[in-house]
Amino acid sequence: GNVPKGTDPLNGNFVGVSDKFNTSKSIDVKKFGLVDGGVITKDLMDRVSLHCRQKKTSAWLNGNFTMEEDVVIDFNFDGRDCNIITDNKVIIGRDTHYVRDGIKVVCPKITAKTTRPLNYETVGVQLRSIINSEIHVPYVRGFTKNLQILSYGAPVAFNTVFIGMLDDGYINFSIETMVY
């Protein structure tokens, strides 16, 4: 469960791990009831988030999984050895108007489950309502928008984002703002 410092995210390791990512207290997401090959749910990730924020720790996950709904990662998380097949999005930050500040996330590798027509928008990974954070996006494939940075109600600013491979998306990378 401990994460080595100073290596390459495309080879499954971290680059420039910040001091905020405490690997000595990291917890496996599977301790919250997820089984290998299972379905990652919003409820599961909300419980992990609450635990990590209350205990001031991080979480990690390895293996192959699916998702049937959008999930939010708003805590220190290491998904470098995790593969997810889904048609839903992974939101890094918050899906509210309240900003998440100062986290370190290594996103799982995300692959679209089905090919959709262009008039049906899908997003693989969305950065939203997050500032002063370090984010690694190693691999996203097959969505209408593979990686979307979206400012909606709260900023997405002052982040360091490492991008690996964005493959086979109609739009591989987009920066957008929503006015409401």
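Since the structure is predicted, the reported quantities are computational estimates derived from the model, not experimental observations. (Residues numbered from 1 in each chain as written. Predicted model: local features only at pLDDT ≥ 70, side-chain atom pairs only at ≥ 80, totals over all residues. Heavy atoms only, no water.)

1. Side note on the side chain of Ser26
- Locating Ser26 in the fold gives a position in the segment before strand S1 (27-28).
- Take Ser26: its relative accessible area is 19%, and that puts it in the buried class.
- Only 3.3 Å separates the side chain of Ser26 from the side chain of Ser58, close enough to count as a polar contact. (Helix = DSSP H or I, 4+ residues; strand = E, 2+ residues; numbered from the N terminus. Buried < 20%, exposed > 50% of the residue type's maximum accessible area, 1.4 Å probe, protein only. Polar contact = N/O pair within 3.5 Å; in protein donor to acceptor, adjacent residues only side chain to side chain.)

2. Considerations on empty space enclosed by the protein
- Here the structure, examined in full by the defined rule, presents one cavity of 30 Å³ or more.
- Every residue along the wall of the largest cavity is listed here: Ile40, Met45, Leu61, Met67, Val71, Ile73, Phe77, Cys82, Ile84, Val90 and Pro108.
- Secondary structure elements with two or more residues in the lining of the largest cavity: strand S3 (59-67), strand S4 (71-73) and strand S5 (77-86).
- A per-class count over the lining of the largest cavity returns eleven nonpolar, no polar and no charged. (1 Å grid on protein atoms, 1.4 Å probe; cavity = no way out; pocket = protein on both sides within 12 Å on 5 of 7 lines; lining within 4 Å. Points joined across faces, edges and corners; volume = space filled by probe spheres on them. Nonpolar A, V, L, I, M, F, W, Y, C, P; charged D, E, K, R; others polar.)

3. Comments concerning the nonpolar core
- Among the nonpolar cores identified, the biggest contains 36 residues, and Ile40, Phe77, Ile92 and Val125 are the most heavily contacted of them.
- In contact with Val125, other than residues within four places in its own chain, are Val90, Ile92, Cys107, Ile110, Val137, Val140, Asn146, Leu147 and Gln148. (Core = buried A, V, L, I, M, F, W, Y, C linked by side-chain atoms within 4.5 Å. Contact = heavy atoms within 4.5 Å.)

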